Amino acid sequence: MPKLTVVAHDGTRFELDAASGSTVMENAVKNSVPGIEAECGGACACATCHVYVDDGWTEKVGKPEVMEEDMLDFAFEPNSTSRLSCQIKMTDELDGLIVRVPERQA
Ligand code: FES
């Protein structure tokens, strides 16, 4: 099962076993990672599941699709590594992925 590390804004690291096919958001919510609100439940319609992808992982995770990119405009302080965590599906290729939670959600 791929490993996923979610770093909360206070620096706490949540090291999770994430089933292939599950999203980063689902794993963060299931493990009560603070700062992932996910108000729309994963429909790419709220931008409250915003995370920053760790520098070494941005290429593997890939770029957001158009709809996600539009929603990211509503996120708090998005940058070039920003993704909506409900739109990142875990795969074996992403084993070891690290994402960081922003200071707050929009
Ligand atoms: Fe709403 Fe990800 S949970 S956009």
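Please refer to the structure placed before this passage.
In this report, we go over the structure that sits alongside the text. In this text the structure is predicted, and so the values were computed from the model without any measurement.

Cut-offs applied
Residues numbered from 1 in each chain as written. Predicted model: local features only at pLDDT ≥ 70, side-chain atom pairs only at ≥ 80, totals over all residues. Heavy atoms only, no water. Buried < 20%, exposed > 50% of the residue type's maximum accessible area, 1.4 Å probe, protein only. Helix = DSSP H or I, 4+ residues; strand = E, 2+ residues; numbered from the N terminus. Pairing = 2+ DSSP bridges. Core = buried A, V, L, I, M, F, W, Y, C linked by side-chain atoms within 4.5 Å. Contact = heavy atoms within 4.5 Å. Salt bridge = Lys/Arg side-chain N within 4 Å of Asp/Glu carboxyl O. 1 Å grid on protein atoms, 1.4 Å probe; cavity = no way out; pocket = protein on both sides within 12 Å on 5 of 7 lines; lining within 4 Å. Points joined across faces, edges and corners; volume = space filled by probe spheres on them. Nonpolar A, V, L, I, M, F, W, Y, C, P; charged D, E, K, R; others polar.

1. Section: the pairing of strand S2 (residues 13-17)
Then, in step 1: Taking every second residue as pointing to the same face, the buried face of S2 carries Phe-14 and Leu-16, while none of Arg-13, Glu-15 and Asp-17 on the other face is buried.
Then, in step 2: Bridge count between strand S1 (residues 3-7) and S2: five bridges; the pairing is antiparallel. If you follow Lys-3 over to S2, its bridge partner there is Asp-17.
Then, in step 3: Joining the antiparallel neighbours S1 and S2 is a turn of five residues, in which Gly-11 adopts a positive phi near 95 degrees.

2. What to know about the nonpolar core
Then, in step 1: Membership of the largest hydrophobic core comes to 32 residues, with the highest contact counts inside it found for Leu-4, Val-6, Ile-36, Leu-84, Ile-88 and Leu-97.
Then, in step 2: Elements that contribute at least two residues to this core include exactly S1, S2, helix H1 (24-30), strand S3 (50-53), helix H3 (66-72) and strand S5 (97-100).
Then, in step 3: What Val-6 contacts, discounting residues up to four positions off in sequence, is Thr-12, Arg-13, Phe-14, Leu-16, Val-33, Val-99 and Val-101.

3. Digging into the pattern of salt bridges
Then, in step 1: What the rule picks out here adds up to four salt bridges.
Then, in step 2: Salt-bridge contacts for Asp-54 lead to Arg-100; the nearest nitrogen and oxygen are separated by 2.7 Å. With Asp-54 in the loop between S3 and helix H2 (58-61) and Arg-100 in strand S5, the pair connects residues that are 46 residues apart, well separated along the chain.
Then, in step 3: Among the residues examined, Asp-54 registers a relative accessible area of 19% and is labelled buried.
Then, in step 4: Overall, Arg-100 belongs to the partly exposed group, its relative accessible area being 33%.
Then, in step 5: Here Glu-68 and Arg-83 are joined by a salt bridge, their closest N and O atoms 2.7 Å apart. Of this pair, Glu-68 sits in helix H3 while Arg-83 is found in strand S4 (residues 82-84), placing the two residues 15 residues apart along the sequence.
Then, in step 6: Classification of Arg-83 by relative accessible area gives buried; the value is 6%.

4. Points about the layout of surface pockets
Then, in step 1: By volume, the largest pocket amounts to about 240 Å³.
Then, in step 2: Taken together, the elements giving at least two residues each to the lining of the largest pocket come down to H2, H3 and S4.
Then, in step 3: Taken together, the residues that form the lining of the largest pocket break down as five nonpolar, six polar and five charged.

5. Things to note about the pairing of S5
Then, in step 1: Where S1 lies against S5, four bridges are found, and the strand directions are parallel. Bridge pairing links Leu-4 to Leu-97 in S5.
Then, in step 2: As defined by bridge partners, S3 adjoins S5 across two bridges and the pair is classed as antiparallel. Looking across to S5, one finds that Tyr-52 is bridged to Arg-100.

6. Thoughts on the environment of Asp-70
Then, in step 1: Checked against the element boundaries, Asp-70 lands in helix H3.
Then, in step 2: As for Asp-70 and Cys-44, which are separated by 26 residues in sequence, their C-alpha atoms are 9.7 Å apart.

7. Looking at the side chain of Ser-22
Then, in step 1: Structurally, Ser-22 is set in the loop between S2 and H1.
Then, in step 2: Judged by its relative accessible area of 13%, Ser-22 is buried.

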